[in-house]
Amino acid sequence: MKALTYQGPREISYSDVPDPVLSAPDGAIIRVTATGICGSDLHIYTGHGFTDTTGYSVGHEAVGEIVELGADVRGLAIGDRVLVPASVGCGRCAKCRAGIVAACERAPLPVDACYGLGGALPGGQAQLLAVPHAEGNLVRLPEGVSDEAAVVLTDNAPTAWYGARRARIAPGETVVVIGLGPVGLMAIQSAFAMGAARVLGVDLIDERRKQAAELGAEPVDADDPKLAIRDMLGGGADVAIEAVGADATIKLAVGAVGHRGRVSVIGVNQNRAFPFHMPLAQVKELEFHIGLCSIQYELPTLLKLTAAGRLRPEVVVTHPLPMSDGANAYRLFAERADGVSKVVLDPSR
């Protein structure tokens, strides 16, 4: 089969790789019909991944059709159209049974908990994908949810909703979303769905601010976004959702909220010595939330909201491309070129 493989920094190859096989009787194999490039895939692309190895297939956002099932799988059938959550759990431990897959007691390493981070779990940017513990790691899609919407629901939309939910957005509150990629745009939708009165969007790229404005957010276009936010709101925001993971944007989030403000960081930050402004947080009585989303926990709510038209994940997709153009797709996404927000790849092309 064909897959996108990581060959080194900024080198993604459209490669021939072996077809996956069932590794256990509780697994499944799906034919991938759509797969996405996530912002966190850029950590791998730029050479700051989770392993030093190369040659493995990448990607953790996939939608498809079940083509093979292990003998022990119940509740799923060959031919089912399914979404593959990015978070992977054993499906058996107490945490997984509660839906908190990111804390699975049997998959303690990141490379075991997500597809496409290394050779342990081959990625979803491929024509076929092996899914372990299928009952807990596949979700049947309802009628009317498109492949493009479903790809966003594999990771970006749940991560955004998780960040908004952890921040406890209440009706009438003001929210600042920092970083207007696919997760940030879904955070805007999530904030409005939870009743936010005003949502401000911060990003360096003009095209992304325009996309945020189309979703009802007020774009912040200023050399000093913290000052601009305070001018626009007459003070600090109630909530800041940080969807970048950079030191500077986390610092901005802390500065953007007012007294008893709530900061929710869903961007990935790998700085073990982050300079957190503890005195400021104490004076503000700040609430600071950070974590990894358990996709399975958020999906029941999101599928209902999507089916009802309250959330529109598909609107963040800007570049549907053939998977054979994967190297160019990664370049576009990494360079933020051509107005790119979300890339969804078609493995059949």
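Residues numbered from 1 in each chain as written. Predicted model: local features only at pLDDT ≥ 70, side-chain atom pairs only at ≥ 80, totals over all residues. Heavy atoms only, no water.

The name given to the protein in an unreviewed UniProt entry is 2-desacetyl-2-hydroxyethyl bacteriochlorophyllide A dehydrogenase, and the organism recorded there is Nocardia tenerifensis. What the UniProt record of the protein gives under Cofactor (unreviewed entry) is the line "Zn(2+)". As its UniProt record puts it under Sequence similarities (unreviewed entry), the protein is described as follows: "Belongs to the zinc-containing alcohol dehydrogenase family." (UniProt positions renumbered as here; feature names shortened; annotations may be inferred.)

Student: How would you sum up the packing of aromatic side chains? Please name residues and give values.
Tutor: Applying the stated criterion across every chain yields a total of four aromatic pairs. Ring centres 5.3 Å apart and planes at 35° place the aromatic pair tyrosine 45 and tyrosine 330 in the tilted group. Here tyrosine 45 is found in helix α1 (residues 41-45), whereas its partner tyrosine 330 is found in helix α12 (residues 326-335), with 285 residues between them in sequence. Of the two residues, tyrosine 45 and tyrosine 330, neither departs from the other in class, the shared state being buried. On the numbers, 6.4 Å between centres and 55° between planes, the contact of phenylalanine 274 with phenylalanine 276 is tilted. According to the relative accessible area criterion, phenylalanine 276 is partly exposed, its value standing at 27%. The rings of Phe274, Phe276 and Phe288 are connected pair by pair, giving a single aromatic cluster. Taking NZ or CZ as reference, arginine 336 lies 5.4 Å from the ring centre of phenylalanine 333, over its face. (Phe/Tyr/Trp six-rings, centres within 6.5 Å; stacked < 30°, edge-to-face > 60°. Helix = DSSP H or I, 4+ residues; strand = E, 2+ residues; numbered from the N terminus. Buried < 20%, exposed > 50% of the residue type's maximum accessible area, 1.4 Å probe, protein only. Lys NZ or Arg CZ within 6 Å of the ring centre and 35° of its normal.)

Student: Give a description of the pairing of strand β12 (residues 257-265) that names residues and reports values.
Tutor: By the criterion of burial, β12 is predominantly enclosed, with seven of the nine residues buried. Pairing of strand β11 (residues 237-242) with β12 involves five bridges; the strand directions are parallel. The residue bridging alanine 240 from the neighbouring strand is valine 263, located in β12. Remark: the β11/helix α9 (residues 247-256)/β12 crossover connection has right-handed handedness. Taken together, the four bridges between β12 and strand β13 (residues 287-290) define a ladder with parallel strand orientation. When the bridges of β13 are listed, valine 263 appears paired with phenylalanine 288. (Pairing = 2+ DSSP bridges. Right-handed = clockwise from strand over helix to strand, strands pointing away.)

Student: Tell me about the domain arrangement of the protein, and please be specific about residues and values.
Tutor: Parsing the protein into structural domains produces domain 1 (2-155 + 294-346) and domain 2 (157-290). Here the C-alpha centroids of domain 1 and domain 2 sit 26 Å apart. Between domain 1 and domain 2, the residue contacts involve 27 residues of the former and 20 residues of the latter. Regarding the contact of domain 1 and domain 2, the summed buried area is about 1900 Å², with carbon and sulfur atoms giving 61% of it. The largest per-residue losses of area from domain 1 upon contact with domain 2 belong to Glu298, Leu311 and Ser341, which jointly make up 24% of the total buried on that side. In this structure, glutamate 298 engages arginine 165 in a salt bridge whose closest nitrogen and oxygen atoms are separated by 2.6 Å. Taken together, the links from domain 1 to domain 2 amount to six residue pairs in polar contact (both at pLDDT 80 or more). (Domains from an automatic or database assignment. Contact = heavy atoms within 4.5 Å. Buried area = accessible area lost by both parts, 1.4 Å probe. Salt bridge = Lys/Arg side-chain N within 4 Å of Asp/Glu carboxyl O. Polar contact = N/O pair within 3.5 Å; in protein donor to acceptor, adjacent residues only side chain to side chain.)

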